[in-house]
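Analysis of the macromolecular model
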Amino acid sequence: MTTKAERTRELLVETALRLFRERGYEATTMRLIAHEARMSPGSAYYYFEGKDALVHELYVRIQQEHRQRALPLLQDGAGLADNLRTVLHTGLDTMAPYHAFGSTMLHVALSRSSSVSPFSEESAAARAAATSLMREVLTVSRGPRGTSTHPRLAELLWLGYLGVTLHWVTDTSPDQRRTRVLVDGVAPIIARTVTLSRLPVGRRLAGDVFRLMDRLASPTADRSDP
């Protein structure tokens, strides 16, 4: 049985999602969310410190549901392409109810300075959950197992998942079918790339990619080296 506090949190999340879809993210305020949920702004702020916190709540929920959907379908010893295709499709299934919301959030989330960016410190919990799921894919799949796999390879798979998500957000085809086609086509390409990363030259290339990622994530990334 859910508690009153849990029901209140759920009401705020559902109300915020509806307003984000109807009015857009920037036009939606905590005061408006509280009004639509029939509670005082102070009560709303008691549960969530702002509308960004509501977005992060959604991020975490999506990752939890995605994991619950995907893990039972991963096949131990199957090819990476097959398991990756499974996890990407279940990700799209999980996000499907939020497609309209995603389009209103896109320009906000793409800013690296935004707290709702998938790269922000505030998004760390959802990012860690998504990367952990990709690590599970690597663990159970035939081929990537072993110590020769780059320890941060799951991060690259997560970046690939972000690319698929970006395509999905902007996909206007019926039921986002073009993104489904993308998943089926890109999964074997990523799998072959992972295979190459096990070779010495591939490991060096992967190391170069991560060094670049770390440099871009640095607060001094906009400064030119002498």
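Note that this is a predicted model, so its numbers are computed, not measured.

Side note on the UniProt feature "DNA-binding region" (unreviewed entry) in the protein chain
Those residues carrying the UniProt feature "DNA-binding region" (unreviewed entry) are residues 29-48 in this numbering. The span residues 29-48 shows a helical share of 70% and a strand share of 0%, and its end C-alpha atoms are spaced 12 Å apart.

Structural notes on helix H6 (residues 99-109)
Among all positions in H6, only His99, Phe101, Gly102, Thr104, Met105, Val108 and Ala109 are buried. Tucked into the core, H6 has its buried residues touching helix H1 (4-23), helix H4 (51-70), helix H5 (80-95) and helix H8 (153-169).

Notes on the pattern of salt bridges
Between side chains of opposite charge, pairing is possible as soon as their charged atoms come close. Counted according to the given criterion, the structure contains twelve salt bridges. Between Glu65 and Arg69 there is a salt bridge, and its shortest N-O distance comes to 3.0 Å. Of this pair, Glu65 and Arg69 both sit in helix H4, separated by four residues, roughly a single helical turn. The partly exposed category is assigned to Glu65, whose relative accessible area is 29%. Linking Glu136 and Arg67 is a salt bridge whose minimum nitrogen-to-oxygen distance equals 3.2 Å. With Glu136 in helix H7 (residues 124-140) and Arg67 in helix H4, this pair connects stretches of sequence that are 69 residues apart. A residue is classified by how much of its surface remains accessible, and Glu136, at 28% relative accessible area, is partly exposed.

Section: the packing of H5 against H8
Closest axis-to-axis distance for the H5/H8 pair is 11 Å, and the angle between their directions is 45°. The pairing of H5 with H8 is recorded here as oblique in orientation. Viewed along their axes, H5 and H8 form a crossing whose handedness is right-handed. For the pair formed by H5 and H8, the contact residues are Leu88, Gly91, Leu92 and Met95 on the first element and Tyr161, Val164, Thr165 and Trp168 on the second. In terms of residue class, the contact of H5 with H8 is built from six nonpolar, two polar and no charged.

So, how was this worked out
Residues numbered from 1 in each chain as written. Predicted model: local features only at pLDDT ≥ 70, side-chain atom pairs only at ≥ 80, totals over all residues. Heavy atoms only, no water. UniProt positions renumbered as here; feature names shortened; annotations may be inferred. Helix = DSSP H or I, 4+ residues; strand = E, 2+ residues; numbered from the N terminus. Buried < 20%, exposed > 50% of the residue type's maximum accessible area, 1.4 Å probe, protein only. Contact = heavy atoms within 4.5 Å. Salt bridge = Lys/Arg side-chain N within 4 Å of Asp/Glu carboxyl O. Axes fitted to C-alpha atoms, helices over the stretch in contact; angles between N-to-C directions. Parallel < 35°, antiparallel > 145°, perpendicular 65-115°, else oblique. Left-handed = near helix turned anticlockwise from the far one by under 90°. Nonpolar A, V, L, I, M, F, W, Y, C, P; charged D, E, K, R; others polar.

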